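What follows is the residue order along each chain.
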Amino acid sequence: MEIIKQQEFTFEGNDCLIKDVVVMLYVHGTYIVELIRRYHGWCDNGLDYRYKKECESQEEAEKHYNWIVRGEK
């Protein structure tokens, strides 16, 4: 497994802190783009897997990664 790109975002919710991680992986011949969220505060229920896309090419994965990073999720 190879982590190709990773970016983290932090922002405030109503009464919690929200942390997003966007990651692009290459594993078993497949590119995977995933958005994983974690709420810190009273509503913390562990990791929240918000989005996952399996791609056959790095170009397709880049497109989805950039789509998430730009905030169009």
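Values in this document were obtained by computation on a predicted structure and should not be read as measured data. (Residues numbered from 1 in each chain as written. Predicted model: local features only at pLDDT ≥ 70, side-chain atom pairs only at ≥ 80, totals over all residues. Heavy atoms only, no water.)

Asker: Please clarify how the overall build of the protein should be interpreted in this entry.
Answerer: The helix and strand tally for the protein stands at 1 helix and 4 strands. When the helices and strands of the protein are read in sequence order from the N terminus, they spell out β-β-β-β-α. Taken over 73 residues, the protein has a buried fraction of 29%. If you take every contact in the protein between residues at least 6 apart in sequence, the share linking residues at least 24 apart comes to 31%. Of the roughly 5,000 Å² of accessible surface on the protein, 46% is carried by carbon and sulfur atoms. In the protein, 10 positive and 14 negative side-chain charges are present, and the distance between their average locations comes to 3 Å. (Helix = DSSP H or I, 4+ residues; strand = E, 2+ residues; numbered from the N terminus. Buried < 20%, exposed > 50% of the residue type's maximum accessible area, 1.4 Å probe, protein only. Contact = heavy atoms within 4.5 Å. Areas by Shrake-Rupley, 256 points an atom, 1.4 Å probe, with all protein chains shown as cover. Lys, Arg positive; Asp, Glu negative; His and termini not counted. Charge placed at Lys NZ, Arg CZ, Asp CG, Glu CD.)

Asker: Explain the packing of aromatic side chains here, please?
Answerer: Where two aromatic rings form a pair, the distance of their centres and the angle of their planes describe that pair. The final tally for this structure, using the stated rule, is 2 aromatic pairs. Between Tyr 26 and Tyr 31, the aromatic rings sit 4.5 Å apart at their centres with planes inclined by 50 degrees, giving tilted as the arrangement. Tyr 31 sits in the buried class, given a relative accessible area of 14%. Aromatic pair Tyr 51 and Trp 67: ring centres 5.4 Å apart, planes at 50 degrees, arrangement tilted. On the criterion of sequence distance, the pair formed by Tyr 51 in strand S4 (residues 47–55) and Trp 67 in helix H1 (residues 58–69) is long-range, its members being 16 residues apart. For Trp 67, a relative accessible area of 29% gives the class partly exposed. (Phe/Tyr/Trp six-rings, centres within 6.5 Å; stacked < 30°, edge-to-face > 60°.)

Asker: Help me understand unusual backbone geometry in this model?
Answerer: Peptide bonds are trans in most cases, and residues, glycine excluded, mostly fall at negative phi. Notably, His 28 is not glycine yet its phi reads approximately 50 degrees, a positive angle. Along the polypeptide, His 28 turns up in the loop between strand S2 (16–27) and strand S3 (30–41). Exposure remark for His 28: the relative accessible area of 80% places this residue in the exposed category.

Asker: How should the nonpolar core be read in this particular structure?
Answerer: One recurring pattern in soluble globular proteins is that nonpolar side chains are buried together. Val 22, Met 24, Tyr 31, Val 33, Leu 35, Tyr 51, Cys 55, Ala 61, Tyr 65 and Ile 68 together form the largest nonpolar core, which totals 10 residues. Counting residues per element, the ones that place at least two in this core are S2, S3, S4 and H1. (Core = buried A, V, L, I, M, F, W, Y, C linked by side-chain atoms within 4.5 Å.)

Asker: Looking at this model, I keep getting lost on the sheet that holds S2. Mind explaining?
Answerer: Spatially, 4 strands are ordered S1-S2-S3-S4 in an open sheet, and the strand pairing comes out antiparallel. Lying at the two open borders of the sheet, with one neighbouring strand each, are strand S1 (2–12) and S4. Strand-to-strand twist across the sheet, computed as the mean angle between neighbouring axes with direction ignored, equals 15 degrees. Both S2 and S3 contribute to a ladder of 12 bridges, which runs antiparallel. The residue of S3 that forms the bridge with Val 23 is Glu 34. (Pairing = 2+ DSSP bridges. Axes fitted to C-alpha atoms, helices over the stretch in contact; angles between N-to-C directions.)

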